[in-house]
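Inside the fold
Here are the chains, one letter per residue:
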Amino acid sequence: MEKNDNRLVMNVYNTNKNRKSSKFNLFAFLVFILLMFSSVLMIGLLILGIITSLKQESDISIDSNIFGLPNMEWWKWDQYYPNNIFGNYLYAFKNLTLKMNNTYIVGLFNPTRVKTEVEVNLFTAFLNTILYAGVGGFFQAFIPLFMGYLCAKYKNKLSRVFYLIALFVIAIPIVGNQPSVINLMRNLRLFDTLIGDWIRRSTFTNVYFLLFYAYFTTIPDDYGESAEIDGATQFSTMFRIYLPLALPMFFTIYLLVFVAAWNDFTTPMLYMPSYPTISYLLYFKTTVNSGSAFNSDVRRMAALMLSAIPITVLFIAFNKRLMTNLAVGGIKG
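Anyway, here's the lowdown on the structure attached to this text. (Residues numbered from 1 in each chain as written. Predicted model: local features only at pLDDT ≥ 70, side-chain atom pairs only at ≥ 80, totals over all residues. Heavy atoms only, no water.)

**Things to note about the pairing of strand β1 (residues 98-106)**
Going residue by residue along β1, you find L98, M100, N102, Y104 and V106 tucked away on one face and K99, N101, T103 and I105 left uncovered on the opposite face. Bridge count between β1 and strand β2 (residues 112-120): 9 bridges; the pairing is antiparallel. Among the inter-strand pairings, N102 is bridged to a residue of β2, identified as T116. Taken together, β1 and the strand that follows it, β2, pair antiparallel across an intervening segment of 5 residues, in which G107 is found at a positive phi of about 95°. (Buried < 20%, exposed > 50% of the residue type's maximum accessible area, 1.4 Å probe, protein only. Helix = DSSP H or I, 4+ residues; strand = E, 2+ residues; numbered from the N terminus. Pairing = 2+ DSSP bridges.)

Here you go:
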């Protein structure tokens, strides 16, 4: 009887286990289908954009060849023939320029009227974008990392105050604060400067602070205690032990911030009008300037494809590092 009862229990257990595994496989299959559909859609749109950038305007306006390949008569390279297959890219590379004047007042006690003349090309806009998205993005990702570590590993009243301030700012929506921020930066003479924008973005009151804070609370304090026993200082413990453990998460957040800043044109337009970025330049050439030849769909698409090349190269170079899963192990006694 006991053997039969044990077999019955094992059969029920195996049946329930198989049911759970079948449900899990079904869920995984549905998620796989959804991700595949999303990936195919994104890749298809990218391919359509590349094909459109290689067409002539007549392929779309006259022949209505929206989804087809470019006209085969353009598939030849001739530097003296303006309508070759890469003509749209050459036009975008040479003519993505912007010239404008800006006037604003800075200073609180001694107001001064500042006039700037801006003339940028694609290379200058690319450099401004690196300074805005690359350097500014580093501060935007590192300050939450730094403050998340301090608030997680140093339990005192001051760290608790900083944590509550971050929660309050994140939870309470602050709407319409841009005029106040611009006025403050003008009074401090930080408006329309790269350093002023870096200072403005050096804040920890965002969701990234909560991610780093939650991560550092999961790391045992034994790492730091072992380092202190060996004679390590608080500074070396932070920068040589704890912060390197968070590098995969830091690079992932930095990539997200970098891509968002690369595609952002409203923020540079408001805070740095004398430092047009690539997205800022594309916005003016394709939207604001109605008389520009970039209103042509094919040339606009070529300009957009040019701006997407650095992001594509960055992702291809660092995708394995950024997509690595972070596992925190324990300390063996």
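Following the structure, the description resumes.
**Structural notes on the environment of V135**
With respect to the helices and strands, the residue V135 is situated in helix α4 (residues 122-153). Owing to a relative accessible area of 29%, V135 belongs among the partly exposed residues under this scheme. Each residue touching V135, except ones within four places of it in the same chain, is listed here: I130 and W198. (Contact = heavy atoms within 4.5 Å.)

**Considerations on the packing of aromatic side chains**
Evaluated as defined, the whole model comprises 24 aromatic pairs. On the basis of an interplanar angle of 35° and a centroid distance of 5.7 Å, the ring pair of F258 and W262 is categorised as tilted. Of this pair, F258 and W262 both sit in helix α11 (residues 247-262), separated by 4 residues, roughly a single helical turn. For the pair F258 and W262, a shared accessibility class is recorded, and that class is buried. (Phe/Tyr/Trp six-rings, centres within 6.5 Å; stacked < 30°, edge-to-face > 60°.)

**Considerations on the nonpolar core**
Among the nonpolar cores identified, the biggest contains 29 residues, and L96, L98, M100 and L281 are the most heavily contacted of them. When contributions to this core are tallied by element, the ones reaching two or more residues are β1, β2, α4, α6 (178-187), α7 (194-201), α11, α13 (278-288) and α14 (297-322). Broken down by element, this core gets its largest block of residues, 5 residues, from α13. (Core = buried A, V, L, I, M, F, W, Y, C linked by side-chain atoms within 4.5 Å.)

**Remarks on the environment of S307**
In this fold, S307 is placed in helix α14. What makes S307 buried here is its relative accessible area of 14%. If near-sequence neighbours (up to four positions away) are discounted, S307 is found in contact with W262, I278 and L282.

**Section: the layout of surface pockets**
To locate leftover empty space, one rolls a probe as large as a water molecule over the atoms. The calculated volume of the largest pocket comes to roughly 860 Å³. At the level of secondary structure, the elements contributing two or more residues to the lining of the largest pocket comprise α4, α5 (157-171), α6, α7, α11 and α12 (266-271). Here the lining of the largest pocket is built from residues that sort into 16 nonpolar, 8 polar and 3 charged. Here the second largest pocket defines a volume of roughly 590 Å³. For the second largest pocket, the lining is made up of 14 residues, of which M42, I43, L46, A308 and T312 are closest to its centre. Elements with a minimum of two residues in the lining of the second largest pocket: α1 (2-53) and α14. With 7 residues, α14 is the single largest residue contributor to the lining of the second largest pocket. Grouping the amino acids of the lining of the second largest pocket by side-chain chemistry returns 12 nonpolar, 2 polar and no charged. (1 Å grid on protein atoms, 1.4 Å probe; cavity = no way out; pocket = protein on both sides within 12 Å on 5 of 7 lines; lining within 4 Å. Points joined across faces, edges and corners; volume = space filled by probe spheres on them. Nonpolar A, V, L, I, M, F, W, Y, C, P; charged D, E, K, R; others polar.)

Without other data, these values stay purely geometric and don't point to any function.
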